[in-house]
Amino acid sequence: MFGISPLGWVHTLGSLPAIPVALYMFARHGRIVPRSVPGSIYFVSMLVGAVTAFLVAHQPISYVIGGLTLLFLLAGYGVERIVGPTRLARYVETICLSVSAFLLMLPTITEVLRRVPDGHPFVTDLKSPLLLGAQGGLLVILVFGLAAQIIHLARQGRTTVNHN
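Definitions and cut-offs
Residues numbered from 1 in each chain as written. Predicted model: local features only at pLDDT ≥ 70, side-chain atom pairs only at ≥ 80, totals over all residues. Heavy atoms only, no water. Helix = DSSP H or I, 4+ residues; strand = E, 2+ residues; numbered from the N terminus. Contact = heavy atoms within 4.5 Å. Core = buried A, V, L, I, M, F, W, Y, C linked by side-chain atoms within 4.5 Å. Buried < 20%, exposed > 50% of the residue type's maximum accessible area, 1.4 Å probe, protein only. Salt bridge = Lys/Arg side-chain N within 4 Å of Asp/Glu carboxyl O. Phe/Tyr/Trp six-rings, centres within 6.5 Å; stacked < 30°, edge-to-face > 60°. Axes fitted to C-alpha atoms, helices over the stretch in contact; angles between N-to-C directions. Parallel < 35°, antiparallel > 145°, perpendicular 65-115°, else oblique. Left-handed = near helix turned anticlockwise from the far one by under 90°. Nonpolar A, V, L, I, M, F, W, Y, C, P; charged D, E, K, R; others polar. Expected span 1.5 Å × (residues − 1).

Chemist: Hey, could you go over the overall build of the protein chain for me, with residue numbers and the actual values?
Modeler: Secondary structure assignment for the protein chain yields 6 helices and 0 strands. If you list the helices and strands of the protein chain from N to C, you get α-α-α-α-α-α. In terms of principal-axis extent, the alpha carbons of the protein chain reach across some 60 × 30 × 25 Å. In the protein chain, the share of contacts with a sequence separation of at least 24, taken over all contacts with a separation of at least 6, comes to 61%.

Chemist: I'd like to hear about the nonpolar core, residue by residue, with values.
Modeler: Within the largest apolar cluster, 14 residues are counted, with the highest numbers of intra-cluster contacts made by Met25, Ile32, Tyr42, Met46, Leu73 and Tyr77. Going through the elements one at a time, α2 (18–29), α3 (37–56), α4 (60–83) and α5 (87–115) are the ones with two or more residues in this core. Examining the composition of this core, we find that 5 residues originate from one element, α2, more than from any other. Apart from residues lying up to four places away in sequence, isoleucine 32 is in contact with Ala22, Met25, Phe26, Tyr42, Tyr77, Leu97 and Ala101.

Chemist: An account of the pattern of salt bridges is needed here, citing residue identities and associated values.
Modeler: Counting across every chain of the model gives 6 salt bridges. Where arginine 35 meets glutamate 93, a salt bridge forms, and the shortest distance between an N and an O atom there is 2.6 Å. Residue arginine 35 is found in the loop between α2 and α3, and its partner glutamate 93 is found in helix α5; the two are separated by 58 residues along the sequence. Taking the relative accessible area as the measure of exposure, glutamate 93 reaches 1% and is therefore buried. In this structure, glutamate 111 and arginine 115 form a salt bridge, with 2.7 Å as the shortest nitrogen-oxygen distance. Within this pair, glutamate 111 and its partner arginine 115 are both found in helix α5, separated by 4 residues, close to a single helical turn. Among the ionic contacts, a cluster of salt bridges with common partners joins Arg31, Arg35, Glu80, Arg90 and Glu93.

Chemist: For the environment of proline 107, give the residues involved together with the corresponding values.
Modeler: Examined against the element boundaries, proline 107 turns out to sit in helix α5. By relative accessible area, proline 107 is classed as partly exposed at 31%.

Chemist: Could you give an account of the packing of aromatic side chains, naming the residues involved and the relevant values?
Modeler: This structure, assessed with the given rule, holds 2 aromatic pairs. When the centroid spacing of 4.7 Å and the interplanar angle of 55 degrees are considered together, the rings of phenylalanine 43 and tyrosine 77 count as tilted. Taken together, the positions of phenylalanine 43 in helix α3 and tyrosine 77 in helix α4 put the pair 34 residues apart, joining distant regions of the chain. On the basis of relative accessibility, which here comes to 23%, the residue phenylalanine 43 falls in the partly exposed class. Exposure remark for tyrosine 77: the relative accessible area of 12% places this residue in the buried category.

Chemist: Quick one: what's the story with the packing of α3 against α4, residue by residue and with numbers?
Modeler: Orientation of α3 relative to α4, taken along the N-to-C sense of each, is 155 degrees, at an axis distance of 9 Å. Taken together, the axes of α3 and α4 lie roughly antiparallel to each other. The hand of the α3/α4 crossing is left-handed. Of the residues in α4, those in contact with Gly39, Tyr42, Phe43, Met46, Leu47, Ala50, Val51 and Phe54 of α3 are Tyr63, Gly66, Gly67, Thr69, Leu70, Leu73, Leu74 and Tyr77. Taken together, the residues that form the contact of α3 with α4 break down as 12 nonpolar, 4 polar and no charged.

Chemist: Tell me about α3, and please be specific about residues and values.
Modeler: Here α3 spans 28 Å end to end across 20 residues, near enough to the 28 Å set by a 1.5 Å rise per residue. Among the residues of α3, Gly39, Tyr42, Ser45, Met46, Gly49, Ala50, Thr52 and Ala53 are the ones counted as buried. On its buried side, α3 packs onto α1 (6–15), α2, α4 and α5.

Function-wise, these values are silent; they only describe arrangement.
Shown next as structure tokens:
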């Protein structure tokens, strides 16, 4: 089904939970919260997806996206352990994990448009206006989302300073 190998299904189904969990955390908290149950689910699911990407990749860019995803995921989850629970750590964590979600959605939207509906996909060419528009839309969401997150974190920091 959809031309996906058994290992491809492991990759797809392993990384799939990260999407609704990330959407939940963005809606509820405005960011991915690593030290939470949904944050743990996100981490494991993203780790499975990023590692197995190297085993199922067919395009050189897939290796780059997989490597960057691992880098941003590990940086986002590890920064507080390295620098402590500082404002800087919160900014780095938020930015890295938002970028990791973008890196998850980029190949997701590409693969969905290239495989659905089964046998007659919406997109057959990587330069399709529909695909490029969807990818561009994700980039716009990332840029505006990061700006909103940074503004929110800055306001939280000012509120904390003003109350002390």
